[in-house]
Amino acid sequence: MTDARTAIRHLVVCASPAPGGFGHAVVDAYVDTVSQAGQHAIVRDLYGIGFDPVLKADERPDAPHWAPSADVAAELEFARQADILVLVYPIWYGLPPAILKGYVDRVLGANYSFHRFRDEAGQPPLVGKPLLSFSTSGTPMAWLHERSQILALREIFDVYLWRGFGMKQSRHVMLDEVVANMPAAAAAEKLQRVRQAAAETCATLAGERPTMTGFEA
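Residues numbered from 1 in each chain as written. Predicted model: local features only at pLDDT ≥ 70, side-chain atom pairs only at ≥ 80, totals over all residues. Heavy atoms only, no water.

## Description of helix 3 (residues 98-108)
Okay, step 1: With eight of its eleven residues buried, helix 3 lies for the most part within the structure.
Okay, step 2: Among all positions in helix 3, only Ile-99, Leu-100, Gly-102, Tyr-103, Val-104, Arg-106, Val-107 and Leu-108 are buried. (Buried < 20%, exposed > 50% of the residue type's maximum accessible area, 1.4 Å probe, protein only. Helix = DSSP H or I, 4+ residues; strand = E, 2+ residues; numbered from the N terminus.)

In structure tokens form, the structure reads like this:
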């Protein structure tokens, strides 16, 4: 059995508000696959923990005597311990939910100035680590393509964060037509895609397969 102290760690940040919703099913499928691979997943359910997404004036990187608040310090420690950052979220009005943007502002961007971001200096808890995202949308992929949603989301979120924080790579799996009355077979197919991506990610982190990047629809 793999020692929990040395296992590869996945930090899974969930920004889906409904505890019994499909977003949490995505998290469960990912975590289960990671466990089967002998690796370890740490889940941070932003809604579940009541994460405050509002950046305070004294949390800005240029604030004198900057120090993280207790909640930010705790989240930063999870990031430091992780080997990969995994984001799970729905697309609302073309963007991730505000709570996830707040996590980026307060945690991922903690004491990291726009100068360092522009220069891709590397955020210490994230530098050199992969970014993997799973997003869900109620609309079909064809509609998203027509409105350039896929390209826009990848450029303003995935690629922007990956490069600005000095991360290793970015891979994004988009799951479309996720609705309340989704047929069981369709849900099962989408969750199988999650498990497949998780298995490939575990193999990559273990050095068993090449790096995979890009936006998958």
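## What to know about the pairing of strand 3 (residues 84-90)
Okay, step 1: Most of strand 3 is tucked away, with seven of its seven residues classed as buried.
Okay, step 2: Both faces of strand 3 are covered, namely the face carrying Ile-84, Val-86, Val-88 and Pro-90 and the face carrying Leu-85, Leu-87 and Tyr-89.
Okay, step 3: As defined by bridge partners, strand 1 (residues 9-14) adjoins strand 3 across five bridges and the pair is classed as parallel. Within the sheet, the bridge partner assigned to Leu-11 lies in strand 3 and is Leu-85.
Okay, step 4: Where strand 3 meets strand 4 (residues 130-136), six bridges bridge the pair, whose relative direction is parallel. Within the sheet, the bridge partner assigned to Leu-85 lies in strand 4 and is Leu-131. (Pairing = 2+ DSSP bridges.)

## Description of the environment of Gly-23
Okay, step 1: The topology assignment puts Gly-23 in helix 1 (residues 22-36).
Okay, step 2: On a C-alpha basis, the gap between Gly-23 and Ala-184 in space is 15 Å, while along the polypeptide they are 161 residues apart.
Okay, step 3: Those residues within four positions of Gly-23 in sequence are excluded, and the remaining contacts are Ser-16 and Val-88. (Contact = heavy atoms within 4.5 Å.)

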